[in-house]
Amino acid sequence: MVHAADTLREGEFLADYERVEILCKKAPDAVNELVKWGARFHREKDGRLTQRFFGAHTYRRTVFYEDWTGQEIIRILLHQVRLRKIEIVDHIYITKLLKSSDVGENEQVSEVKGAIGIDIEKKEIVLFECKSLILATGGYTRVYAVSSSRIFENYGEGVALAYEAGIDLVDMEMVQFHPTGMVWPEKALGTLATEAIRGEGGVLLNSKGERYMKNYYPERMELGPRDVVARATFNEIIAGRGTPHGGVWLDVTHLSKEKILDRLPTMYEQFKNIDGIDISKEKMEVGPTAHYSMGGILVAINCRTKVRGLFAVGEVISQIHGANRLGGNSLLDTVVFGKIAGCEAATLAKEVGERQKTDTPPLASILNKLKVFDDGIFIVKEPITFRNEIEELMKFNAGIYKRTDKT
């Protein structure tokens, strides 16, 4: 199976082989199910799904909708949620998972009981009780100052919640840097310039106009493995061959504007609105940006953790991608293993049955035990300063370029 081979090779053969096999074998069914539900993936004139190249893929493999495939998948899945009349509770920030020991029960077999959160709008503490719980919180790339994640996400809340609940973490040092994030203007620093740009023929140039990937990965050039392209780009910048704002050039001006608007409409609008350039006529300035966390929560094949009733899926878990994620596999990962986690969690919830409400103490006593409050006031210790210190620490000690010596 070539897809599995590409995935394992891209991850430096550190991914779990069984998980990779599940991911790749279930990929066609996952795509077909999305299509059946109405996903508007791009099609050829004869009706076949169009597949584009992504980095390190042996063949064209990635189905897409323009250049915002993830949003299209979210649209389809949310539609299915509404059809099934599943309630969504928004604006809640979860601060702690509750286990059997947290609510005064015997912890011979640790079991999830629920979660405590903060209603951001009402500014109230809320308690959720449940029979099963799935963590799908994303990763931790926001520990870096330059990240493709939005400003409000991927601070590692999921792995922190799991760790506090006693779950093991694996491969936390495995962080992928995407080769192409915006470097200008400053407010857009790190914002992703999707790999679809290079998949459609975009080329990388240094300040001398040289297509430098021929010196690093001549076999695939810009479509080499993400880690290779990112390190090559970083090397060009620190060697003094960078652009005025400390990046490199990403060029699609050789493509027709019609093709750009058909295949890359979001990127066209992004650079036009943020940077004020027309990418069909001008080059984009880009540089490496922290993009994806391969490490995370240790789960079984069925997405179960060692705490009964607690499941996890997506970027918050580990062992699927190894040391480096193959382009396109993140959305596939969430759909394939998301379905597995959902089925497992639903099955367990049915098995558990109705809990007796008397087993759970009043909310106030739980909050008091967990020390969420200090004399009625939230405990806050300059979080912005702390975040900035972490970002500096990661930048200088766990960045894109690593050396074996200690100098």
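Everything quoted here is computed from the prediction, not taken from an experiment.

**Student:** Which residues make up the packing of helix α2 (residues 17–25) against helix α11 (residues 329–352), and what values do they have?
**Tutor:** Between α2 and α11, the shortest axis-to-axis distance is 9 Å and the interhelical angle comes to 95°. Considering the angle they form, α2 stands roughly perpendicular to α11. Contacts between α2 and α11 involve R19, I22 and L23 from the former and N329, L332, D333, V336, F337 and I340 from the latter.

**Student:** With reference to specific residues and values, describe the nonpolar core.
**Tutor:** Judged by nonpolar contacts, the single largest core of 48 residues is most densely connected at L135, I297 and F337. If one sorts the elements of this core by residue count, α11 sits on top with 6 residues. Discounting residues that sit within four places of it in the chain, L135 has contacts with L97, G158, L161, A162, I297, L310, F311, A312, V313 and V316. Grouped together as the second largest cluster of nonpolar side chains are 25 residues, V229, L250, I279 and M284 included.

**Student:** Lay out unusual backbone geometry in plain terms, naming residues and giving numbers.
**Tutor:** Residue P185 is reached from W184 by a cis peptide bond, and omega for that bond is 0°. Inspection of the secondary structure puts P185 in the loop between β6 (175–182) and α6 (196–199). We note that A56 has phi near 70°; this positive angle belongs to a residue other than glycine. Secondary-structure assignment places A56 in the loop between α3 (27–36) and α4 (69–83). Using a relative accessible area of 13% as the deciding quantity, one classes A56 as buried. A positive phi angle, near 65°, is found at H91, a position not held by glycine. Residue classification places H91 among the partly exposed positions, given a relative accessible area of 45%.

Thresholds applied
Residues numbered from 1 in each chain as written. Predicted model: local features only at pLDDT ≥ 70, side-chain atom pairs only at ≥ 80, totals over all residues. Heavy atoms only, no water. Axes fitted to C-alpha atoms, helices over the stretch in contact; angles between N-to-C directions. Helix = DSSP H or I, 4+ residues; strand = E, 2+ residues; numbered from the N terminus. Parallel < 35°, antiparallel > 145°, perpendicular 65-115°, else oblique. Contact = heavy atoms within 4.5 Å. Core = buried A, V, L, I, M, F, W, Y, C linked by side-chain atoms within 4.5 Å. Buried < 20%, exposed > 50% of the residue type's maximum accessible area, 1.4 Å probe, protein only.

None of the figures reported here should be taken as evidence of function without further support.
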